[in-house]
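Observations on the model geometry
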Amino acid sequence: MKKLVILGAGESGAGVALLAKKNGCDVFVSDSGRIKDNYKALLNEKNIAWEEGSHDTERILSADEIMKSPGVPDTADIIKRIVDKGIPVVSEIEFCARYLHGRTICVTGSNGKTTTTTLIYEIMRRAGKAVALGGNIGKSLAMQLVAGNHDWYVLELSSFQLDNCYDFRADVAVLMNITPDHLDRYDFQMQHYVDSKMRIMQNQTPADTFIYWADDEHIPRELERRRRGETIAKPVLSSRAAKAGNPSLRPFVDADFERLGLEMHLFGNHNKRNALAAYYATLAAGVDESTVRQTIREFKGVEHRLEYVATKGGADYINDSKATNVDACRVALEAMTRPTVLIIGGTDKGNDYNVIIPLVKKNCRAVVFLGADNTKLHACFDRLGLPTADTRSMKDCVAACKTFAREGDAVLLSPCCASFDLFKNMEDRGEQFVNCVKEL
C-alpha cells in the first residue's frame, strides 16, 4: 500500500486525502498551522490520520510520495528535507490526473484566469455539457473527483499547482498572460515564474489545443524555445524539469474581438481578452458558436474583479480585490474613465510599482494606502504630489476615500498586493470593502 503524506490540509489537501483514501492509499495529513473544523470532520469521517501545529518529520520522511498543497513554499524546512531524501513531490492536479476520466479545459495566467475560467464554465454549462468547475476556484479538483465523474472539468490553475505537475495533460490549455507575480516564491527570478506558467502546455499533443494571447511579452519567445528543443529547468526546488509539449496553437490578439463581432456587458480591453480566450476554448471543446456568443454577451463577471458595489456621494465604489499584483491594478486603472481614488497595499510580493506610476499620475485624484506596513508605498507614490492617506483597517480606509472622492469619481480597491497582512484572504478583503461601503 502506497504511503502518501499530504502537506497542508486546506481545500486541496483535504480533497486529495479523501481521494487517496478512496483509492487505497495509506494517508497521513500534516499541517503546520491550524486545520479548519470542516476539514477535520471530513478527515475523521474517513479515519484519515492528521496532525496540526507541527510536522512529524520522521513520519513524513517515511512516505513513498508527498502531495504538497499550493500554499506550502519550497523554502519550508520540511520541503528541503523531503527533496534531500529524494521523495517525489506532486501537486494536487498531478495526483488527480491518475483518477481523472473526463476531459479538461485548464486556464492559467497572471491575470484574468478567474473571469475566463468562470465564463468558460458558464458556456459549457449552458451548452448542456456534464461539466464541473474547480482547481483554484470553487471546489478543488480532488473534491470534484470524490463527488463523482463529469465529462468535462474546467480548471483554474495557479503557478503553484503547475510547479509539481509532470504527467498531467490538458486537453485544452489557456494561458492568458505572464506578468510579474509571486516572485517571492521564485527566488525573485522572473524566468522561474515564466517557466512555471508555461508548464500548462506540458505533454500536450497536436490533438490538444494551446490558446494564448499573442501579444504577451513572454509567451511567443517561450514557445520558440520549446520548438528548438531547449531543456526547461525546474522552476522550484521540489519540481522537475518540464517535458515537451507539441499542441495545436490558437493565438489571439485584441483586434479579434471586433473582427469576430463579439459583444460583452463587461468593460475594458482585459475583458475582451478574457472573452476571446473563452470563445476559442469552448469552440475547441465542441460547443456551438451561437451558445458561445450569447453567453459572452450576457455574462455579468465575477465577484472581486472590477465589481460595482454602490454609488455613495455621487462616487462609484468598485471592488477589485482580486488585483493582487501590479499588472492587475494596471489593467483596472486603464479601464477607469474618470478621476479615481485608488486603494493600494497589503503584503508586497516583490512588486515594481513603477509600472503603474504614469497611470496613477494621469488618472488618480488620491491614493489611500491600506496595509500593515506602507513604507514602500510611500517611497514610491509620495513623489507624485497626490493626496494620500495611511490606513490599517478597511473601515478607516473607506472613510478616507469618502473624504477624497467627489461626485462623478470612482473609488477603486485594486491593491496590487496579497491580503494576508490585515485580512484572511482576498475574498475577506473584498467583502469587508463591500460592507464598509454599504454602511457609508
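Quick caveat, the model's predicted, so the values are computed rather than measured.

Quick notes on the rules
- Residues numbered from 1 in each chain as written.
- Predicted model: local features only at pLDDT ≥ 70, side-chain atom pairs only at ≥ 80, totals over all residues.
- Heavy atoms only, no water.
- Pairing = 2+ DSSP bridges.
- Helix = DSSP H or I, 4+ residues; strand = E, 2+ residues; numbered from the N terminus.
- Axes fitted to C-alpha atoms, helices over the stretch in contact; angles between N-to-C directions.
- Expected span 1.5 Å × (residues − 1).
- Buried < 20%, exposed > 50% of the residue type's maximum accessible area, 1.4 Å probe, protein only.
- Contact = heavy atoms within 4.5 Å.
- Arc of directions from axis to C-beta.
- Salt bridge = Lys/Arg side-chain N within 4 Å of Asp/Glu carboxyl O.
- Right-handed = clockwise from strand over helix to strand, strands pointing away.

Let us look at the sheet that holds strand E15 (residues 364-370). Strand order across the open sheet formed by six strands is E12-E13-E17-E14-E15-E16, with mixed pairing between neighbours. Bordering the open sheet on either side are strand E12 (307-312) and strand E16 (388-391), each of which pairs with just one other strand. The sheet shows a mean angle of 20 degrees between the axes of neighbouring strands, taken without regard to direction. One ladder, built from four bridges, connects strand E14 (residues 340-344) with strand E17 (residues 410-413); its direction is parallel. In the sheet register, Val-341 faces E17, and the bridge partner there is Val-411.

So, on to helix H6 (residues 113-126). With 14 residues, H6 should reach 20 Å at 1.5 Å per residue; the first-to-last C-alpha distance of 20 Å fits that figure. Of all 14 residues that make up H6, eleven are buried, and the element is covered over most of its length. Every buried residue belonging to H6 is among Lys-113, Thr-114, Thr-115, Thr-116, Thr-117, Thr-118, Leu-119, Ile-120, Glu-122, Ile-123 and Met-124, and all of these are buried.

So, on to the sheet that holds strand E5 (residues 89-90). Strands sit in the order E3-E2-E1-E4-E5 across an open sheet of five strands; the sheet is parallel. The sheet terminates laterally at strand E3 (49-52) and E5, the two strands that pair on one side only. Taken together, the four bridges between strand E2 (residues 26-31) and E3 define a ladder with parallel strand orientation. Among the inter-strand pairings, Val-29 is bridged to a residue of E3, identified as Trp-50. Strands in contact with helix H1 (residues 11-22) are strand E1 (3-7), E2 and strand E4 (65-68); relative to E1, the strand with the most contacts, it is inclined by about 165 degrees.

Below, the discussion takes up helix H13 (residues 289-298). Those residues of H13 not exposed but buried are Thr-291, Val-292, Thr-295 and Ile-296. Each buried residue of H13 lies within a common arc of 125 degrees when the element is viewed along its axis, so the set occupies one face. Buried-residue contacts for H13 involve H6 and helix H12 (269-284).

Enumeration according to the criterion identifies 33 salt bridges in this entry. For the salt bridge of Arg-225 with Glu-222, the shortest nitrogen-to-oxygen distance reads 2.9 Å. Taken together, the residues span about one helical turn, with Arg-225 and Glu-222 both in helix H10 (residues 219-227) at a distance of three residues. For the residue pair Arg-225 and Glu-222, the accessibility class agrees, reading buried in each case. As a salt-bridge pair, Arg-225 and Glu-230 come within 3.1 Å of each other at their nearest N and O atoms. One salt-bridge network, held together by shared partners, links Asp-195, Arg-221, Glu-222, Glu-224, Arg-225, Arg-226, Arg-227, Arg-228 and Glu-230.

A few words now on the pairing of E2. Where a strand is regular, its side chains alternate between the two sheet faces. Burial analysis of E2 places five of its six residues in the buried class, the great majority of the element. In this sheet, E2 lies alongside E1 in parallel orientation, the contact comprising five bridges. Along E2, the bridge assignment pairs Leu-4 with Val-27. Note on the crossover from E1 through H1 to E2: the handedness is right-handed. Taking the sense of rotation as the criterion, the β-α-β connection linking E2, helix H2 (residues 37-45) and E3 turns out right-handed.

These figures capture arrangement, not role.
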